[in-house]
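Listed below, chain by chain, are the residues.
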Amino acid sequence: MTRTLPPGRYTAAAKPARPKRWLVWALSAAVVVVGVIVAFVAYDKFAVSEIDSEATSFDLVSDSQLDITFTVTREDPSQAAVCIVRSRSKDGSETGRREVYIAGGEDQTVKVTAPVYTSRPPAMGDIYGCSLDVPAYLTRG
């Protein structure tokens, strides 16, 4: 006894579709481009910077002044820099801030002490950061 299947009801098994060759190349190129972008951003963020700073001490002068001492190390000591130092109260809020101009010179590492005037009694001082991108208003005589 042979079985006959009704015509048009059952189709032959279809071959699985293979992706187009250009689609594989396009997706591979996109992955490479994204990888290069991620690598560039990571390098830019985590690479050794041209300037490094560290707060070494602070002195509570009064209820409205704190003196902060910090060191600045530049890859190129002849290049001027600017650092932002700040004072903070016991609750951690910022109570004073100032920009400190660091002139170019011969020493790669310089030690600087700067006063910071505060709006409330200070509890600590720290360095917010330094940059070689010095604003013009700090260099005008």
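Refer to the preceding data block for the structure.
Residues numbered from 1 in each chain as written. Predicted model: local features only at pLDDT ≥ 70, side-chain atom pairs only at ≥ 80, totals over all residues. Heavy atoms only, no water.

Caption draft 1: Representation of the state of the cysteines within the structure. One pass over the full model with this rule turns up one disulfide. The disulfide partner of Cys83 is Cys130, and the S-S distance across this bridge is 2.0 Å. Every disulfide takes its handedness from the sign of the S-S torsion; for Cys83 and Cys130 that torsion is 110°, giving right-handed. One end of the pair, Cys83, is in strand β3 (residues 81-88); the other, Cys130, is in strand β6 (residues 124-131), with 47 residues separating them in the sequence. (Disulfide = S-S within 2.5 Å. Helix = DSSP H or I, 4+ residues; strand = E, 2+ residues; numbered from the N terminus.)

Caption draft 2: Structural detail: the sheet that holds strand β4 (residues 94-102). Strands sit in the order β4-β3-β6 across an open sheet of three strands; the sheet is antiparallel. Sheet topology places β4 and β6 at the edges, where each strand pairs with a single neighbour. Each neighbouring strand pair of the sheet contributes to a mean axis angle of 20°, computed without reference to strand direction. As paired strands, β3 and β4 are joined by eight bridges and run antiparallel to one another. In the strand pairing of β4, Ala81 is matched with Ile102. (Pairing = 2+ DSSP bridges. Axes fitted to C-alpha atoms, helices over the stretch in contact; angles between N-to-C directions.)

Caption draft 3: Spotlight on the nonpolar core. Within the largest apolar cluster, 15 residues are counted, with the highest numbers of intra-cluster contacts made by Phe70, Val72, Val85, Val100 and Ile102. Elements supplying a minimum of two residues to this core: β2 (65-74), β3, β4 and β5 (109-117). Ignoring any residue separated from it by four or fewer positions in sequence, one finds Ile102 in contact with Phe70, Val72, Arg74, Ala80, Ala81, Cys83, Val110 and Val112. (Core = buried A, V, L, I, M, F, W, Y, C linked by side-chain atoms within 4.5 Å. Buried < 20%, exposed > 50% of the residue type's maximum accessible area, 1.4 Å probe, protein only. Contact = heavy atoms within 4.5 Å.)

Caption draft 4: Geometry of helix α1 (residues 21-46). The end-to-end C-alpha separation of α1 is 38 Å, in line with the 38 Å expected for 26 residues at 1.5 Å each. The buried fraction of α1 is low, at zero of 26 residues. (Expected span 1.5 Å × (residues − 1).)

Caption draft 5: Highlighting the pattern of salt bridges. As enumerated under the stated definition, the model contains five salt bridges in all. Residue Arg120 pairs with Asp91 through a salt bridge whose shortest N-O separation is 3.4 Å. Separated by 29 residues along the polypeptide, Arg120 in the loop between β5 and β6 and Asp91 in the loop between β3 and β4 bring together distant segments of the chain. The residue Glu94 makes a salt bridge to Arg97 at a minimum N-O spacing of 2.9 Å. Given the relative accessible area of 42%, Arg97 is considered partly exposed. One network of salt bridges, with partners in common, ties together Arg86, Arg88, Glu94, Arg97 and Asp126. (Salt bridge = Lys/Arg side-chain N within 4 Å of Asp/Glu carboxyl O.)

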